[in-house]
Amino acid sequence: MKKRLTEWMAERTRALADRTSVGIPGGPSFAYVAGWVLVMLLGVEALTGTALSAFYAPSTASAWASVAYIQDQVPLGWLVRGLHYHGASALVIVCGAHLVQAAIFGAYKKPRELVWWLGLVLMLIVLGFAVSGYVLRWDQAGYWANHVEIGIATSAPGGTLLKGLALGGNDYGNLTLTRFNTLHVVVLPGVTALVVGAHVWISRLHNTTPRWGRDGLAAIRRWPQQTLLDVIAMAIVFAVLLGYVICQHGAGLSAPADPAAAFDARPLWYFRWLFELRHLAGSYERFAALAAPVVVGGLLVGLPFVDREPDRSPKKRLPYVGAVVGLFVLIGVLTLKSYAGDAGDAELAKREQAADMLASRARALAVKNGVPVTGGIDVFKTVPMYLPRAIFEQKCKSCHAADSKDRKGPIIAAGHGNRAWLKGFLQAPSGEPYWKHTRLAATEDAMAPVELPPADIDNLTELLYAQTGATDVDPVKRDAGVATFKKACTDCHSLEEGVAGGSGPGLADLGSRDYYTSFLSNPKKAVHMASKSEMPRFETDLTMTERDAVAGYLVWLRTASAADVAALGPL
Amino acid sequence: MKAATCALGGGLGLVIAVPALRVCVAPTNAQTVTTPSDPIDVGAIERIKVGAPWQRLDVIAPLVKDAWTTAHDVALGSAWVRRPNEQKLEALSSVCPHLGCAVGFDGQTFLCPCHNSKWSDSGALVAAAGPAKRDLDPLPITVVDGRLRLTWVRYKLDTATREPA
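About the thresholds
Residues numbered from 1 in each chain as written. Chains lettered and ligands numbered in written order. Predicted model: local features only at pLDDT ≥ 70, side-chain atom pairs only at ≥ 80, totals over all residues. Helix = DSSP H or I, 4+ residues; strand = E, 2+ residues; numbered from the N terminus. Buried ≥ 20, exposed ≤ 12 C-beta atoms within 10 Å, placed from the backbone. Contact = placed C-beta atoms within 7 Å. Rg over C-alpha atoms; globule rule 2.2 N^0.38 Å. Pairing = 2+ DSSP bridges. Axes fitted to C-alpha atoms, helices over the stretch in contact; angles between N-to-C directions. Domains from an automatic or database assignment. Expected span 1.5 Å × (residues − 1). Bend = angle between axes of the 7 residues up to and from the residue. Nonpolar A, V, L, I, M, F, W, Y, C, P; charged D, E, K, R; others polar. Parallel < 35°, antiparallel > 145°, perpendicular 65-115°, else oblique.

Take the overall build of chain B next. Scanning chain B from N- to C-terminus turns up 1 helix and 11 strands. Ordering the α and β elements of chain B from the N terminus gives α-β-β-β-β-β-β-β-β-β-β-β. Reported as C-alpha extents along the three principal axes, the dimensions of chain B are approximately 85 × 40 × 20 Å. Within chain B, the fraction of its 165 residues that count as buried is 22%. Contacts in chain B between residues at least 24 apart in sequence constitute 47% of all its contacts with a sequence separation of at least 6.

Written out as structure tokens, the structure is:
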């Protein structure tokens, strides 16, 4: 039965078997494994890529979020993503090794020129995968690296057209992602399949290129000895890749792409030599970036034309072998130099550390709160009380933060407006936490410290505290405070709704949400500080929603401790 | 040697394929879309007049987590609501218990536009009319501080008995 089945298959696949079972002159060796290792790595890319594409959503609003989801929330997602990303690096390394080996073996010589050129095309495709894949994450690293790459391409003749074609219009946006996604998952894989097919088919026509000097030896079939060596090599390469991916816990993911935030863009490691070359070229950087790939490509493409002697022994072809090896050594040196330059830059290290922290915060927030439908950067807005805190940071901090050098008003921090705060104010209105740094404090208009027995101060404090709308007011003290207020405060102040005092502000609802909204809108209103306040009016600068949010934050601060504020986390 | 080659090759293929397959099937039994299980505010009680015919109310979730996104005010579906008297409040899911199309009401009967299933004014199935196997699904509804609060539940489709999906 088995025999009949084998014969049935053999009869129908003879032509294929003839092509694939040609032998290697001189027999099997680890020298011939590179091709199959590359096939394995392409398989890893195809498989992991398919899995990733089942999650990835190419739009500016969802790209980063979906990648972060794969990385941090899908079981083994980090592993698959890591294999895909680092597998591409492995492809570049093995492709490079395969290329150098082919050059040393003289495998590009007649009649194998086409195999060599198709191999160069494949190398180019692998780099194309890298460029198109890196931007898909839509994180800071991928987004800005793409800007550099597109920038270089734009400076080439016809570059503007290429840029429009790549980005899908005039700027980075949804079409940039959909187009690079199509290139990465449809176009390039298709082209790769065709070119790999042609590369392998033509190379089989001419047989494996044996080591020099072995051409005349008897050919031994690949199966099973050479195949075993191929599989062993594949297993070793995959084991190394897997180990590396596990050590790195997958691939990196920086903070969501932010067109407004600066980032130290660095290309993928296999483009670092070009990056370094641009630095070295100084004002000729654009020229260097364009010329270097042309020179490298030209040298490699031209090899079969200049090195035409049939003898493949490297000793007899030293200039050519030397040129290729020298080229890759140069690329290696430039790469190392680029990394060494970064390693010695303390300022860069600091910025990178800050970027790393931003990335971990964004990813932690994405796991905890999900990413808003408006897009990746808005994940930062999911922290508690983002809106008022962001406004405070921007509009209020310089005058009201305890650590501000140009503080002009009272400190606004945890406990602002609570009993202790109010009591402290009554006892020393121009004290350090209060009006000390205001212009008012230096004038005769400033309120004088209230000098009353401690019990009266406590009652007055309770009365003012009751204005905030707090629910834990002591009614006895409060009512006692009313009598004290009438005796000691009504010359300047009023507790009637909307009524200013004689020379000071009205205190009705002091510290309530509505009070804060009104005060923020216009501190110079008669019922508030009139002309005595230096604080700007925010009624036009901030929307009603924004003012209300800030007011809510101020109310929250009254009952908050410093630990509560710290627990909100950074913005 | 042939066996070793096949075993090693097959093993390698398996090791490569397993993580990718694991990731692809990961969402199968995971709760990737989280809608509120708490009652959802569907408007003021005054919207529903006592004795008026069934009225359709959109059920809008304040927050929905869907894989990587968090979205506010997401429409989940709609419910038919009426108040036969001051004390009584009824709500029916507009999801057809057959295959999930949105059921309409013409003043007398409920009708599903997809396969012509029909229900009486009380939501009871008119068995001869179409393929649906059960009455329309009632939804829990209460009034808190003058606001209608409806609990959105999806039931298994095309079954005679009612089980949460």
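After that view, the rundown keeps rolling.
Now for the overall build of chain A. Each helix and strand in chain A was counted, giving 21 helices and 3 strands. Relative to the globule expectation of 25 Å for 571 residues, the C-alpha radius of gyration of chain A, 36 Å, shows a markedly less compact shape. Summarising its shape, the C-alpha atoms of chain A cover approximately 120 × 65 × 40 Å along the three principal directions. Taking all 571 residues of chain A together, 33% fall into the buried category. Long-range contacts, defined here as pairs at least 24 residues apart, represent 70% of the contacts in chain A between residues at least 6 apart.

Hydrogen bonds between backbone atoms are what pair the strands of a sheet, whose relative direction is either parallel or antiparallel. Residues and elements named next belong to chain B. If you walk across this open sheet you meet the 3 strands as E2-E11-E10, and the pairing is antiparallel. Because the sheet does not close on itself, it has two edges, and the strands there are strand E2 (40–44) and strand E10 (141–144). Pairs of neighbouring strands in the sheet enclose a mean axial angle of 30 degrees, with direction left out of account. Taken together, the 4 bridges between E2 and strand E11 (residues 147–150) define a ladder with antiparallel strand orientation. The partner of Asp41 across the bridge, within E11, is Arg149.

This brings us to the sheet that holds strand E6 (residues 104–105) of chain B. All names here are of chain B. Reading across from one edge, E6-E7-E8-E9 is the order of the 4 strands in this open sheet, with antiparallel pairing throughout. Of all strands in the sheet, those with a lone pairing partner are E6 and strand E9 (125–126), marking the two edges. With 2 bridges connecting them, strand E8 (residues 118–119) and E9 associate as antiparallel partners. By the bridge assignment for E9, Trp119 is matched with Leu125.

Moving on, we come to the pairing of E10 of chain B. All names here are of chain B. As judged from the 4 bridges shared by E10 and E11, these two strands associate in the antiparallel manner. Counted as the bridge partner of Thr142 is Arg149 from E11. Adjacent in sequence and paired antiparallel, E10 and E11 are bridged by 2 residues, among which Asp145 carries a positive phi angle near 50 degrees.

Further remarks concern the domain arrangement of chain B. Here the domain parsing of chain B yields domain 1 (1–30) and domain 2 (31–150). Relative to domain 2 of chain B, the C-alpha centre of domain 1 of chain B lies at a distance of 47 Å.

Looking now at helix H15 (residues 386–400) of chain A. Residues and elements named next belong to chain A. With 15 residues, H15 should cover 21 Å at 1.5 Å per step; its first-to-last C-alpha distance of 18 Å lies more than 12% under that length. By the largest-angle criterion, Gln394 marks the main kink of H15, which is about 50 degrees. For H15, the complete set of buried residues consists of Pro388, Arg389, Ile391, Phe392 and Cys396. Close packing links the buried residues of H15 with helix H20 (544–559).

Moving on: the interface of chain A and chain B. Taken together, the contact pairs 33 residues of chain A with 21 residues of chain B. Broken down by secondary-structure element, the contributors of at least two residues to the side of chain A that touches chain B are helix H3 (34–53), helix H4 (63–72), helix H5 (77–105), helix H10 (225–248), helix H14 (346–369) and strand E3 (371–372) of chain A. Element by element, the count of residues in the side of chain A that touches chain B is highest for H10 of chain A, at 8 residues. Split by residue class, the side of chain A that touches chain B holds 24 nonpolar, 9 polar and no charged. The pairing of E3 of chain A with strand E4 (residues 69–82) of chain B spans 2 bridges and is classified as parallel. Paired with Pro372 of chain A across the two strands is Thr70 of chain B, which belongs to E4 of chain B.

In this section: the packing of helix H17 (residues 454–467) of chain A against helix H18 (residues 475–488) of chain A. Residue and element names in this part refer to chain A. Packing of H17 against H18 brings their axes to within 7 Å, and their N-to-C directions diverge by 105 degrees. By the angle between their axes, H17 is roughly perpendicular relative to H18. Taking contact as the criterion, the partners of Asp456, Asp458, Asn459, Leu460, Glu462, Leu463 and Ala466 in H17 are, on H18, Lys477, Arg478, Ala480, Gly481, Val482, Thr484 and Phe485. Residue composition of the contact of H17 with H18, grouped by class: 6 nonpolar, 3 polar and 5 charged.

Attention now moves to the domain arrangement of chain A. The domains assigned to chain A are domain 1 (27–358) and domain 2 (386–567). Inter-centroid distance (C-alpha atoms) of domain 1 of chain A to domain 2 of chain A is 63 Å.

Residues and elements named next belong to chain B. As for its placement among the helices and strands, Arg56 is situated in strand E3 (residues 55–66). For the pair formed by Arg56 and Cys24, sequence separation is 32 residues and the distance between their alpha carbons is 39 Å. Setting aside anything within four residues of it in sequence, one finds Arg56 in contact with Ser78, Trp80 and Ser94.

In this model helix H1 (residues 2–25) of chain B runs 34 Å from its N-terminal to its C-terminal C-alpha over 24 residues, within 8% of the 34 Å that 1.5 Å per residue would give. A bend of about 30 degrees at Ala17 of chain B is the largest found in H1 of chain B, and the proline Pro19 of chain B appears one to four places after it. All of the buried residues along H1 of chain B are Ile16, Pro19, Ala20 and Val23 of chain B. Where H1 of chain B is buried, its residues touch H3, H5 and H10 of chain A.

Further remarks concern unusual backbone geometry. With an omega of 5 degrees, the peptide bond between Lys110 of chain A and Pro111 of chain A qualifies as cis. Here the amide bond leading from Trp223 of chain A into Pro224 of chain A is cis, since omega sits at 0 degrees, within 30 degrees of zero. Structurally, the position occupied by Pro224 of chain A is in the loop between strand E2 (219–221) and H10. With a phi close to 65 degrees, Asn116 of chain B is a non-glycine residue in the positive phi region. Along the chain, Asn116 of chain B falls in the loop between strand E7 (110–111) and E8. With 11 C-beta atoms packed within 10 Å, Asn116 of chain B lands in the exposed category. You will see that Asp158 of chain B, though not glycine, has its phi angle at about 60 degrees, which is positive. Considering the arrangement of structural elements, one finds Asp158 of chain B in the segment after E11.

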